[in-house]
Amino acid sequence: MAQDAAQRPVGDLAIGVDIGGTKVAAGIVDEQGAVVARARADTPDRSVRPKVVEDTIVGVVNELLHQAPGRIAAVGIGAAGFVAADRATIVFAPHLSWRQEPLRDRLSALIEPPIFIDNDANAAIWAEGKFGAARGETSAMMITLGTGIGGGILMNGEVIRGRFGIAGEFGHMQVVPAGHRCECGNRGCWEQYASGNALVREARSLVAANSPLARDLYERVQGDASQLTGPLVTEVAKAGDRTAIELLAEVGDWLGVGLANLAAAFDPGAFVIGGGVSAAGDLLIEPARAAFRRQLTGRGFRPEARIVRAELGNEAGMIGAADLARASVLGG
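About the thresholds
- Residues numbered from 1 in each chain as written.
- Predicted model: local features only at pLDDT ≥ 70, side-chain atom pairs only at ≥ 80, totals over all residues.
- Heavy atoms only, no water.
- Buried < 20%, exposed > 50% of the residue type's maximum accessible area, 1.4 Å probe, protein only.
- Helix = DSSP H or I, 4+ residues; strand = E, 2+ residues; numbered from the N terminus.
- Pairing = 2+ DSSP bridges.
- Axes fitted to C-alpha atoms, helices over the stretch in contact; angles between N-to-C directions.
- Parallel < 35°, antiparallel > 145°, perpendicular 65-115°, else oblique.
- Contact = heavy atoms within 4.5 Å.
- Nonpolar A, V, L, I, M, F, W, Y, C, P; charged D, E, K, R; others polar.
- 1 Å grid on protein atoms, 1.4 Å probe; cavity = no way out; pocket = protein on both sides within 12 Å on 5 of 7 lines; lining within 4 Å.
- Points joined across faces, edges and corners; volume = space filled by probe spheres on them.
- Phe/Tyr/Trp six-rings, centres within 6.5 Å; stacked < 30°, edge-to-face > 60°.
- Lys NZ or Arg CZ within 6 Å of the ring centre and 35° of its normal.

1. Quick word on the pairing of strand β9 (residues 140-145)
Judged by how many residues are buried, β9 sits mostly within the fold: 6 of 6 residues are covered. The two faces of β9 match: A140, M142 and T144 on one face and M141, I143 and L145 on the other face are all buried. When β9 meets strand β10 (residues 149-155), the two strands line up antiparallel, connected through 6 bridges. Within the sheet, the bridge partner assigned to I143 lies in β10 and is G151. The antiparallel pairing of β9 with β10 creates a hairpin that spans 3 residues between the two strands. Strand direction decides the pairing type here: β9 and strand β12 (residues 270-274), joined by 5 bridges, are parallel. Opposite M141, over in β12, you have F271 as the bridge partner.

Take a look at the structure:
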């Protein structure tokens with residue numbers, strides 16, 4: 001239960017906002033990484049105008065400010081896109097309409113507490129490293145599987161952002177030359193094979209073809225493939241449907257291939273798998289581990305990174321954004 005405002009040390013609370021391709025989720029987070037209040041809103045039609053998403057952010061933040069049990073020290077924004085080194089500008093967001101968007105300035109004009117902006121996966125790996133599955137690891141990597149794939153790098157206990165602020169965009173590594181077209185404009189990006197969008201695309205293709213292998217999925221949506229979602233495929237898989245299990249295993253295979261490539265480049269102690277698709281648990285993680293072992297350079301002669309599901313679930317980005325924002329204002 002949240003403490004009374006008079007009992008809380010002033011300034012130990014922060015708001016974290018996680019902006020995905022389809023929703024804005026926010027929460028008030030304390031210094032122990034606990035979320036004491038939440039708010040959420042959909043991003044209308046994924047937005048063709050930046051202002052639509054920005055207004056949504058302001059709405060959920062103001063909702064939380066009105067119910068905060070203490071002073072809010074800062075607001076952290078975890079954005080699904082390329083965040084410039086100034087941590088003020090969204091350079092490019094493949095799943096939203098931000099292009100060189102001065103997000104911090106626009107939000108600062110409408111929200112009273114200081115604003116901190118980072119990539120959502122950077123925020124997530126910070127949270128998992130401090131409060132979750134990567135506790136005790138000095139070097140770890142976050143892979144968030146949602147609408148696309150995000151990535152965060154923790155090395156020597158610090159978030160690695162790169163020279164221009166946009167390191168960790170692993171979802172846009174090319175894994176299949178001339179493969180599926182990606183929303184970023186290229187072909188064959190990893191997220192076209194190991195994301196929620198990839199899972200849904202393959203499931204819908206089977207249902208649209210009226211495949212006898214997808215009878216359960218077909219009946220769930222009464223033949224309307226457009227109604228298929230990643231969570232529904234996962235639900236059907238958990239109920240034992242072989243085709244849905246196979247679809248998740250295919251995503252897991254591609255996930256493991258990409259992780260082996262990242263291990264060759266970065267050699268982390270752990271890969272933390274988060275995002276909505278990670279709700280499939282071992283139906284996704286076990287195939288990923290198997291593919292990772294098959295593809296790992298030097299397999300059999302080197303230590304292997306752990307591949308674990310995020311402990312903080314879909315709230316890792318929110319918690320990390322809040323904690324990074326608090327640290328930027330208060331230190332620590």
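And the narrative resumes.
2. Quick notes on the packing of helix α4 (residues 196-208) against helix α6 (residues 230-238)
As a packed pair, α4 and α6 sit with axes 9 Å apart at the nearest point and diverge in direction by 70°. With respect to α6, the element α4 is oriented roughly perpendicular. Of the residues in α6, those touching α4 at L199, V200 and A203 are G230, V233 and T234. Partitioned by chemical class, the residues of the contact of α4 with α6 number 4 nonpolar, 2 polar and no charged.

3. Remarks on the environment of D42
Checked against the element boundaries, D42 lands in strand β3 (residues 35-42). On the basis of relative accessibility, which here comes to 56%, the residue D42 falls in the exposed class.

4. Brief notes about empty space enclosed by the protein
Across all of its chains, the model carries 1 cavity of 30 Å³ or more by this definition. Here the largest cavity is characterised by a volume of approximately 30 Å³. In this structure, the largest cavity is lined by G81, F82, V83, N119, N122, G165, I166, A167 and E169. Here the residues of the lining of the largest cavity sort into 4 nonpolar, 4 polar and 1 charged.

5. A short note on the packing of aromatic side chains
Scanning the model with the defined rule gives 4 aromatic pairs in all. Ring centres of F271 and F292 lie 5.9 Å apart, and the angle between their planes is 75°; this geometry places the pair in the edge-to-face category. With F271 in strand β12 and F292 in helix α8 (residues 282-295), the pair connects residues that are 21 residues apart, well separated along the chain. F292 matches F271 in its accessibility class, with the two residues each being buried. Over the ring of Y193 we find R201; its NZ or CZ atom is 6.0 Å from the centre of that ring.

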